[in-house]
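Each chain is listed here by its residues.
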Amino acid sequence: MTRHKFRPPGGDTPRLPRLFALSSSLAVLQADATVRLMPFQRDGLPRAGWIMGIKPISDNASVHGNHWERHPRGDEILTLLEGSLRVVLAADAGDERELRVAAGESLVVPQGWWHRLEVRQPGRLMFVTPATDSEHRLHRPHDQED
């Protein structure tokens, strides 16, 4: 392999290409169209932009199966790399819709839609989601949702 020195375009401050594992880092997609990397953790998320990552899914606890989630700031993209999921979606009125997602398929969860996931077969899930203002509520299987 030939090694080349990278030269920044137009004489700008160099931002060199960097290899990273999306399964152990979050890629923060910022408003200025740059990407910042940060450790994969729930605490300390950025205050703006979008986050992208890959997470292992082994059971319902690994995909917030016991609670509903929604993103009032934007759509969420879910891409199942391996495994099988059941995604339950609901508008505020409580009318639930179910989708089965197989490996290689993607789903756009529209802005403001409540959703929860259930693992049917363990695997890996890639997500692109708004970094702020996600809302959560407990899933009550035998009660009617508010």
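These figures come from a predicted structure and were not determined experimentally.

## Some points on the side chain of Thr 129
Note on placement: Thr 129 falls in strand 8 (residues 114-130). Judged by relative accessible area, which is 6%, Thr 129 ranks as buried. Polar contacts involving the side chain of Thr 129 include one to the side chain of His 71, which spans 3.5 Å. Reaching out from Thr 129, the side chain makes a polar contact with the side chain of Glu 76 at a distance of 3.2 Å. If sequence neighbours within four positions are ignored, Thr 129 has contacts with Trp 50, Ile 51, His 71 and Glu 76.

## Details of the nonpolar core
Ile 57, Leu 78, Leu 85, Val 87, Leu 117 and Leu 125 are the most contacted members of the largest nonpolar core, which has 19 residues in total. Elements supplying a minimum of two residues to this core: strand 1 (25-29), strand 3 (50-57), strand 5 (76-90), strand 7 (106-109) and strand 8. The dominant element in this core, judged by the number of residues it contributes, is strand 5, at five residues. Those residues in contact with Leu 125 that lie beyond four places of it in its chain are Gly 53, Ile 54, Lys 55, Ile 57, Leu 78, Thr 79, Leu 80, Leu 85 and Leu 117.

## Description of the pattern of salt bridges
Scanning all chains against the criterion turns up eight salt bridges. The shortest N-O distance in the salt bridge between Arg 124 and Glu 82 comes to 3.5 Å. Remark: Glu 82 occurs in strand 5 and Arg 124 occurs in strand 8; sequence separation between them is 42 residues. When its relative accessible area of 39% is taken as the criterion, Glu 82 is described as partly exposed. Connected via shared salt-bridge partners are Arg 86, Glu 98, Arg 100, Arg 116, Glu 118 and Arg 120.

Procedures and definitions
- Residues numbered from 1 in each chain as written.
- Predicted model: local features only at pLDDT ≥ 70, side-chain atom pairs only at ≥ 80, totals over all residues.
- Heavy atoms only, no water.
- Helix = DSSP H or I, 4+ residues; strand = E, 2+ residues; numbered from the N terminus.
- Buried < 20%, exposed > 50% of the residue type's maximum accessible area, 1.4 Å probe, protein only.
- Polar contact = N/O pair within 3.5 Å; in protein donor to acceptor, adjacent residues only side chain to side chain.
- Contact = heavy atoms within 4.5 Å.
- Core = buried A, V, L, I, M, F, W, Y, C linked by side-chain atoms within 4.5 Å.
- Salt bridge = Lys/Arg side-chain N within 4 Å of Asp/Glu carboxyl O.

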